[in-house]
Amino acid sequence: MQSITIRRPDDWHLHLRDGAMLEGVIADTSRTFARAIIMPNLVPPVVTTSDAAAYRERILKALPDGHRFQPLMTLYLTEHTSPDDVEAGAESGLITAVKLYPAGATTNSHGGVRDMEKAMPVLERMAKIGLPLCVHGEVTTPDVDIFDREAVFIDTVLDPLRRRLPELKVTMEHVTTADGIDYIKAAKGNLAGSITTHHLIINRNAILVGGIRPHYYCLPVAKRENHRLALRAAAVSGDPRFFLGTDSAPHVDPLKECACGCAGIYTSINTMSCLAHVFEEEGALDKLEAFASLNGPAWYGFQPNEERITLAKQAEPVVFPAKIETGAGPVTVFDPMFPLRWQVVPRA
Ligand SMILES: NC(=O)N[C@@H](CC(=O)O)C(=O)O
Ligand SMILES: [Zn+2]
Ligand SMILES: [Zn+2]
């Protein structure tokens, strides 16, 4: 049987939500991942250091017995965020990054930033203390086509910001375009990108061909095939600027299967199986560890995990549930549309 052993992976972009949903999903991450950057787009969002401390406690309380997992907390950047609060959070080790959501860009982002000028004092402080900014890189102006929003964000928001504050460390999260990959590769430093599992597997046809399929709808929306291929090439390249951020984003099925469905794909439970498949297909299983376990910690200034996990290739397809049941309701699991054979060997 073929198998591969890598350092325990981390997830550098994860939505755990709160309450019954948090309790229903956390084990799917903590079973496999040692750490994750936790997105702050709750309702209401995690905006202050004390909000983040309280949310961290709720996450730790929801952890199943015997699971060791470190939530890395982020703050949701608003036009009123206090630079001193951010600095205090970073100093204490509680805060790993600050998250920029352009207002209206995605789920629960209405309180995000409208006028970048108003966020400059916080961004300047972050540049000074070396705290990374994570960005949802899409413009929200209605005249920009939804498939172009990432590329236009790079030109009109990200590049001007990086020219103005070259010392600021920026993570372009869930990169979905060749434009994003090229922009990161061309940067002289202080820029990296996370890539999701699902964007390595689906292109926009998955959402629209043969009927509208809400469980393949997420933001940034999946793009054309040439973009998917560019993401794959970057992910399997070993280039330290690219790493895994699953963006696993659970919504209960009724909120996805309706006239105006939420954006988000749930991949926590089968991400490593999907990734091993993708990396094997690309002839790059030897680069899986860099993507899932080494590049992320190096970028965020952590040591890689000492513990290892083993993935074993099974003769028969590995079956994941079509849905998980949570106290908040059922959540459909990402279906990669091919049989999965790689399985994380359970801890002894
Ligand atoms: N990715 C998504 O489609 N949805 C995320 C928000 C986000 O990461 O943009 C969510 O919170 O549901
Ligand atoms: Zn996002
Ligand atoms: Zn996200």
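Small disclaimer: the values here were computed from a predicted structure and weren't measured. (Residues numbered from 1 in each chain as written. Chains lettered and ligands numbered in written order. Predicted model: local features only at pLDDT ≥ 70, side-chain atom pairs only at ≥ 80, totals over all residues. Heavy atoms only, no water.)

Engineer: Can you lay out the overall build of the protein for me, pointing to particular residues and giving the numbers?
Structural biologist: On a plain count of helices and strands, the protein comes out with eleven helices and 13 strands. Each principal axis of the C-alpha distribution contributes one length, and for the protein these read about 55 × 45 × 40 Å. Taking as baseline every contact in the protein between residues at least 6 positions apart, the subset at least 24 positions apart corresponds to 75%. Entry remark: accessible area of the protein is about 14100 Å², with carbon and sulfur atoms responsible for 53%. (Helix = DSSP H or I, 4+ residues; strand = E, 2+ residues; numbered from the N terminus. Contact = heavy atoms within 4.5 Å. Areas by Shrake-Rupley, 256 points an atom, 1.4 Å probe, with all protein chains shown as cover.)

Engineer: Now, about the coordination of the zinc ion (ligand 2): what can you tell me, with residues and values included?
Structural biologist: At 2.0 to 2.1 Å from the zinc ion (ligand 2) lie its protein donor atoms, namely His136 (ND1) and His174 (NE2). Metal-centred angles of 54 to 146° between the four donor atoms at the zinc ion (ligand 2) mark the site as irregular. The distance between the zinc ion (ligand 2) and the zinc ion (ligand 3) is 3.8 Å. Remark: His174 occurs in the loop between strand E7 (170-172) and helix H6 (178-186) and His136 occurs in the loop between strand E6 (133-135) and helix H5 (149-164); sequence separation between them is 38 residues. Note on His136: relative accessible area 1%, which makes it buried. For His174, a relative accessible area of 2% translates into the label buried. (Donors = N, O, S within 2.8 Å, 3.2 Å for Na, K, Ca; no water. Tetrahedral: all angles 85-135°; square planar, octahedral: opposite > 155°, others 65-115°. Buried < 20%, exposed > 50% of the residue type's maximum accessible area, 1.4 Å probe, protein only.)

Engineer: Describe the packing of helix H4 (residues 116-129) against H5, naming the residues involved and giving the relevant values.
Structural biologist: The interhelical angle for the contact between H4 and H5, taken along N-to-C directions, is 40°, at an axis separation of 12 Å. With respect to H5, the element H4 is oriented oblique. For the element pair H4 and H5, the recorded crossing hand is right-handed. For the pair H4 and H5, the contacting residues are Met116, Glu117, Met120 and Leu123 in the first and Val157, Leu161 and Arg164 in the second. In the contact of H4 with H5, the residues fall into five nonpolar, no polar and two charged. (Axes fitted to C-alpha atoms, helices over the stretch in contact; angles between N-to-C directions. Parallel < 35°, antiparallel > 145°, perpendicular 65-115°, else oblique. Left-handed = near helix turned anticlockwise from the far one by under 90°. Nonpolar A, V, L, I, M, F, W, Y, C, P; charged D, E, K, R; others polar.)

Engineer: Go over the coordination of the zinc ion (ligand 3) with me, naming the residues and quoting the values.
Structural biologist: Tetrahedral coordination by four donors puts the ideal angle at the metal at 109.5 degrees, and octahedral coordination by six puts it at 90 or 180 degrees. Donor atoms from the polypeptide that bind the zinc ion (ligand 3) are His13 (NE2), His15 (NE2) and Asp247 (OD), placed at 2.0 Å. Taken together, the four donor atoms coordinating the zinc ion (ligand 3) span angles of 92 to 134° at the metal, a pattern that classifies the geometry as tetrahedral. Motif for the zinc ion (ligand 3), donor spacing along one chain: H-x1-H-x231-D. Note on His13: relative accessible area 1%, which makes it buried.

Engineer: Can you tell me about the side chain of Glu150, naming the residues and giving the values?
Structural biologist: By the element assignment, Glu150 lies in helix H5. For the buried Glu150, no salt bridge is present, and the opposite-charge side chain at shortest range is Lys223, 4.8 Å distant. A distance of 2.8 Å separates polar atoms of two side chains, one belonging to Glu150 and the other to Thr176. (Lys, Arg positive; Asp, Glu negative; His and termini not counted. Salt bridge = Lys/Arg side-chain N within 4 Å of Asp/Glu carboxyl O. Polar contact = N/O pair within 3.5 Å; in protein donor to acceptor, adjacent residues only side chain to side chain.)

Engineer: Talk me through the site of ligand 1; I want residue IDs and the actual numbers.
Structural biologist: The environment of ligand 1 is formed by 15 residues, the closest being Asn41, Thr106, Leu219, Asp247 and His251. Take His251: an N or O atom from its side chain is 2.8 Å from an oxygen atom of ligand 1. Within the complex, 100% of the 310 Å² of free accessible area of ligand 1 lies under protein. A molecule is said to occupy a pocket when more than half its atoms come within 2 Å of that pocket's grid points, and by this definition ligand 1 occupies the largest cavity. (Near = heavy atom within 4 Å. 1 Å grid on protein atoms, 1.4 Å probe; cavity = no way out; pocket = protein on both sides within 12 Å on 5 of 7 lines; lining within 4 Å. Sits in = over half its atoms within 2 Å of the grid points.)

Engineer: Can you tell me about the packing of helix H10 (residues 271-281) against helix H11 (residues 288-300), naming the residues and giving the values?
Structural biologist: Where H10 meets H11, the closest approach of the two axes is 9 Å, and the angle between their N-to-C directions is 140°. One element, H10, and the other, H11, form an angle in the oblique class. Here Met272, Leu275, Ala276 and Phe279 of H10 come into contact with H11, specifically with Leu288, Phe291 and Ala292. Tallied by class, the residues present in the contact of H10 with H11 amount to seven nonpolar, no polar and no charged.

Engineer: Give a detailed account of the sheet that holds strand E3 (residues 35-38), specifying residues and quantitative values.
Structural biologist: Read across the sheet, eight strands follow the order E2-E3-E4-E5-E6-E7-E8-E9 without closing on themselves; strand pairing throughout is parallel. Only two strands of the sheet have a single partner each, and these edge strands are strand E2 (11-14) and strand E9 (242-244). Across this sheet, the average inter-strand angle for adjacent strands is 30°, counted without regard to direction. Direction of pairing for E6 relative to E7: parallel, over a ladder of three bridges. Looking at the pairing, Val135 lines up with Met172 of E7. Contacting E7, strand E8 (191-195) and E9, H6 crosses the sheet at an angle of about 145° to E8. Packed onto the sheet, H11 meets E2, E3, strand E5 (95-100), E6, E7, E8 and E9 and runs at close to 115° relative to E9. (Pairing = 2+ DSSP bridges.)

Engineer: Explain a negative patch on the surface to me, using residue names and the numbers behind them.
Structural biologist: On the surface, Asp145, Asp148, Asp155, Asp179 and Asp182 cluster together into a negatively charged patch. Relative to the elements of secondary structure, Asp155 occurs in helix H5. (Patch = residues over 30% accessible without salt bridge, like charges linked within 9 Å, V, L, I, M, F, W, Y side chains within 5 Å. Charge placed at Lys NZ, Arg CZ, Asp CG, Glu CD.)

Engineer: Now, about the pairing of strand E10 (residues 308-313): what can you tell me, with residues and values included?
Structural biologist: Note that strand E1 (residues 3-7) and E10 share five bridges and pair antiparallel. From the neighbouring strand, Ser3 faces E10, where its bridge partner is Ala312. Pairing of E10 with strand E13 (residues 342-344), which is carried by three bridges, proceeds in the antiparallel orientation. Looking across to E13, one finds that Lys313 is bridged to Trp342.

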